[in-house]
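# Structure assessment
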Amino acid sequence: MTVLLTARQMRDAEQAAFASGAATGAELMERAGEGVVSALLNSWGELAVVPSRAIILCGPGNNGGDGFVIARLLARRGWAVRVFLLGQADGLPPDARLNHDRWCTMGDVRRLPFDTPPQPEGPSGVVVDALFGTGLTRGLGPEVAGVLESLEAQGFEGWYRVAVDLPSGLCADSGRRITAEDGTTAAFRADLTVSFHAAKLGHYLDEGAEFCGALAVADIGLSPEATPELVRLVQAPALPLGKRGGHKFDHGHALVLSGGFGRTGAARLAARAALRVGAGLVTLGVPGAAQMEVAAQITALMMRRIEAADDLAQMLEDRRLNALCLGPGLGADRARELVPAALAAGRATVLDADALSAFSDAPDALFSALHPGCVLTPHGGEFARLFPDLSARLSGPARRGPAVSRVDMVRAAAARAGCTVLLKGPDTVIAAPDGDAAVHAAVYERATPWLATAGAGDVLAGLICGLMARGVDPWRAAQTATFLHVEAARHHGPGLIAEDLPEALPAVLRGLGA
Ligand SMILES: NC(=O)C1=CN([C@@H]2O[C@H](COP(=O)(O)OP(=O)(O)OC[C@H]3O[C@@H](n4cnc5c(N)ncnc54)[C@H](OP(=O)(O)O)[C@@H]3O)[C@@H](O)[C@H]2O)[C@@H](O)CC1
Ligand SMILES: [K+]
């Protein structure tokens, strides 16, 4: 299991190593520096062959200490190294001071921001940002922002940019840039970020991936963590996704409620996704006026007329209908009519799109009807309508580090709703009401910007519904569906439209050994 740590959890891991005698701070710092050097040599092979030049910016804490180790290791490889320190050597914590002093036997240290700003001194090289890492408590002031700007000036175009642990200015817990008192919101923009022991939430959430560039995690010999509040990074599902015998009713029967005439496409997309992910049967619940339209478009999918709440309640007397999906193209009036009846039936239920927006005026009425078998799948706008106070905490500037994160807010939303909440985005956050949280990241090598296309969200809702019809619990269904959704988009590639997603699933499932 890959976990994403907060700054505090990282410090706890470090303290545990000190307490058990497994490592000293100086040893961890040495390994951190070695990790950065080997990651940068691996990333850009030519640097491993011919010594280059480096500009290393060291901050006033242990992130700066890592910078001094990197300076020493690169200089030993024959690199031309210039080191800059923000603040005074006297103020450095002990391990950083030790490495500062070791470096001083090999080269000089210039002061930031007073000395002349760093100059490129050659067409190529590496800029190393070791100003701030997990200890960032406030935004970068104008002086530091000015230094970062000077490193983007003319002459640095051919230079690689490496951040130690985190790009300075970026919050380890939230992936948000911290805003300084004067309103400056600066951060180092890296090509490669090298972190230690485990990735931090901030590498994946919000603006994290944009500022990190690529991400490498160096092993510095700390023990794996096992605290329950850890956030996991969603990866290939451990569930058996293939069918192992049985007939169609053994794999569940999903019901997807459709909107009216001319608005049935979204529900049909969701239904097809539910069928492709393995639900044994999928029925579309359609108002009379739209039946001809739907009938002309479906084959393996089934259809039943559902006009009003009574029709739905009557249909749900059939206990074999075990998972519901409401929202895609449903329309606000129909959502207000059908959602209470669906929730009263106590089935596994996905609420998306209109089924969420229809309750913007009275979210508490929705929350009181929800049950643990539900999954809400809002995008940012729908989340803001249902949880305006939580959303507002993410939309204003972050003034202090560590800042409140999307994980914090989705956890709070799940606790309030009493069910699983999935906030969509390239950094999808999924939280369960008991506080479990996971991040699904479609960033770095899994970036799929072409997934931002009409109807993609409807397919996701259908995948969750289909998995729940197969008996997967809401928490795992939300994670597995998100993973499959992005894998389908990756399999198809650019040019993707929502219709392609269900059609890409067989290849994705086969690739996962289903
Ligand atoms: N934990 C581990 O296991 C390992 C950790 N390691 C490394 O240590 C790093 C964490 O070190 P750290 O805790 O010393 O914090 P760091 O990021 O260097 O900064 C703290 C200093 O910056 C200051 N400061 C903050 N914001 C500021 C601002 N905007 N403008 C100006 N100043 C600001 C802050 O001042 P204060 O807030 O106290 O006033 C304090 O002086 C971690 O990222 C990793 O690289 C590795 O060696 C391997 C093992
Ligand atoms: K840094």
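Residues numbered from 1 in each chain as written. Chains lettered and ligands numbered in written order. Predicted model: local features only at pLDDT ≥ 70, side-chain atom pairs only at ≥ 80, totals over all residues.

## What to know about the site of ligand 1
Contacts to ligand 1 come from 28 residues, most closely from Glu14, Gly61, Asn62, Gly133 and Gly135. Sorting the residues of the shell around ligand 1 by element identifies α1 (7-20), α2 (25-43) and α4 (62-76) as the ones contributing at least two each. Broken down by element, the shell around ligand 1 gets its largest block of residues, five residues, from α4. Classifying every residue of the shell around ligand 1 by side-chain character gives twelve nonpolar, eleven polar and five charged. (Near = placed C-beta within 6 Å. Helix = DSSP H or I, 4+ residues; strand = E, 2+ residues; numbered from the N terminus. Nonpolar A, V, L, I, M, F, W, Y, C, P; charged D, E, K, R; others polar.)

## Describing the domain arrangement of the protein
One can read the domain layout of the protein as domain 1 (3-233) and domain 2 (249-392 + 405-511). On a C-alpha basis, the centroid separation for the pair domain 1 and domain 2 is 41 Å. At the junction of the two partners, domain 1 supplies 14 residues and domain 2 supplies eleven residues. Breaking the side of domain 1 that touches domain 2 down by element, the ones donating at least two residues are β8 (214-218) and β9 (231-233). A per-element tally of the side of domain 1 that touches domain 2 places β9 first, with three residues. (Domains from an automatic or database assignment. Contact = placed C-beta atoms within 7 Å.)

## Overview of the UniProt feature "binding site: K(+)" (unreviewed entry) in the protein
On the UniProt side, "binding site: K(+)" (unreviewed entry) is annotated at positions that read Asn63, Asp129 and Ser168 here. Across 106 residues of sequence, these annotated residues stay compact in space, with a maximum C-alpha separation of 9.6 Å. Non-local contacts of Asn63, meaning those with residues more than four positions away in its chain, are made with Ala130, Leu131, Phe132, Gly133, Gly135, Val164 and Asp165. Residue placement: Ser168 occurs in the loop between β6 (159-164) and β7 (192-196). Dropping the residues within four chain positions of it, Ser168 is found in contact with Asp129, Leu131, Phe132, Leu140, Ala187 and Phe188. (UniProt positions renumbered as here; feature names shortened; annotations may be inferred.)

## Quick look at the sheet that holds strand β13 (residues 321-326)
One key point about sheets: their strands pair by backbone hydrogen bonds, in either a parallel or an antiparallel sense. The eleven strands are arranged β1-β9-β18-β17-β16-β15-β14-β13-β10-β11-β12 in an open sheet whose pairing can be described as mixed. Each edge of the open sheet carries a strand with a single partner, namely β1 (3-4) and β12 (302-305). Bridge count for β1 against β9 is two bridges, and the pairing is antiparallel. Each residue of the ladder has a partner; that of Leu4, found in β9, is Val231. Where helix α17 (residues 456-469) meets the sheet, its contacts fall on β10 (253-257), β13, β14 (348-351) and β15 (374-376), and the angle it forms with β13 comes to roughly 170 degrees. Across the face of the sheet, helix α18 (residues 474-492) comes into contact with β14, β15, β16 (420-423), β17 (427-431) and β18 (437-441) while running at roughly 20 degrees to β16. (Pairing = 2+ DSSP bridges. Axes fitted to C-alpha atoms, helices over the stretch in contact; angles between N-to-C directions.)

## Points about the nonpolar core
Counting residues in hydrophobic clusters, the biggest one holds 172 residues, and the most contacted among them are Ile56, Val256, Ala270, Ala274, Leu326, Ile464 and Cys465. At ten residues, the largest contribution of residues to this core is made by α17. Domain assignment of the residues forming this core places at least three in each of domain 1 (3-233) and domain 2 (249-392 + 405-511). (Core = buried A, V, L, I, M, F, W, Y, C linked by C-beta atoms within 7 Å. Buried ≥ 20, exposed ≤ 12 C-beta atoms within 10 Å, placed from the backbone.)

## Focus: α4
Taking 1.5 Å of rise per residue, 15 residues should cover 21 Å, and α4 covers 21 Å from first to last C-alpha, within 8% of that figure. Where burial is concerned, most of α4 is hidden: twelve out of the 15 residues are buried. Within α4 the residues assigned to the buried category are Asn62, Asn63, Gly64, Gly65, Asp66, Gly67, Phe68, Val69, Ile70, Ala71, Arg72 and Leu74. Contacts from the buried residues of α4 go to α2, β2 (53-58), β3 (80-86), α5 (94-104), β5 (125-130) and β6. (Expected span 1.5 Å × (residues − 1).)

## What to know about helix α16 (residues 406-417)
In a regular helix each residue adds 1.5 Å, so twelve residues correspond to 16 Å; α16 covers 16 Å between its end C-alpha atoms and thus fits that length. Taken across its twelve residues, α16 has nine buried, putting it largely inside the fold. Taken from the residues just after α16, Gly418 is the one with a positive phi, measuring 75 degrees.

## Considerations on the packing of helix α8 (residues 265-276) against helix α19 (residues 500-511)
Here α8 crosses α19 at 5 degrees, and the two axes come no closer than 9 Å. Regarding the angle of α8 to α19, the classification is roughly parallel. From α8, Arg272, Ala273 and Arg276 reach across to α19, where they touch Leu501, Pro502 and Leu505. Class assignment of the residues belonging to the contact of α8 with α19 gives a composition of four nonpolar, no polar and two charged. (Parallel < 35°, antiparallel > 145°, perpendicular 65-115°, else oblique.)

## With respect to the confidence of the model for the protein
Overall, the prediction assigns the protein a mean pLDDT of 95, with 99% of residues at 70 or greater. Note on the complex model: pTM 0.96, ipTM 0.98. (pLDDT = per-residue confidence, 0-100.)

## Some details on the sheet that holds β2
Reading across from one edge, β4-β3-β2-β5-β6-β7-β8 is the order of the seven strands in this open sheet, with parallel pairing throughout. Looking at the sheet topology across the chains shown, the edges are occupied by β4 (109-112) and β8. For this sheet, the mean inter-axis angle between neighbouring strands, taken without regard to orientation, is 20 degrees. Bridge analysis of β6 against β7 gives three bridges, and the strand direction is parallel.

## A short note on the pairing of β16
Across the two faces of β16 the burial is the same, with Thr420 and Leu422 and Val421 and Leu423 all buried. Two successive antiparallel strands, β16 and β17, enclose a turn made up of three residues.

## Focus on unusual backbone geometry
A cis geometry characterises the amide bond from Leu112 onward to Pro113, with omega recorded as -5 degrees. Mapped onto the elements of the fold, Pro113 is located in the loop between β4 and β5. The omega torsion of the bond from Gly401 to Pro402 falls at -5 degrees, within 30 degrees of zero and hence cis. Despite not being glycine, Glu121 has its phi angle at roughly 50 degrees, a positive value. Positive phi, normally seen in glycine, also occurs at Ala353, with a value near 45 degrees. Examined against the element boundaries, Ala353 turns out to sit in the loop between β14 and α12 (354-357). Overall, the presence of 24 C-beta atoms within 10 Å leaves Ala353 in the buried class.

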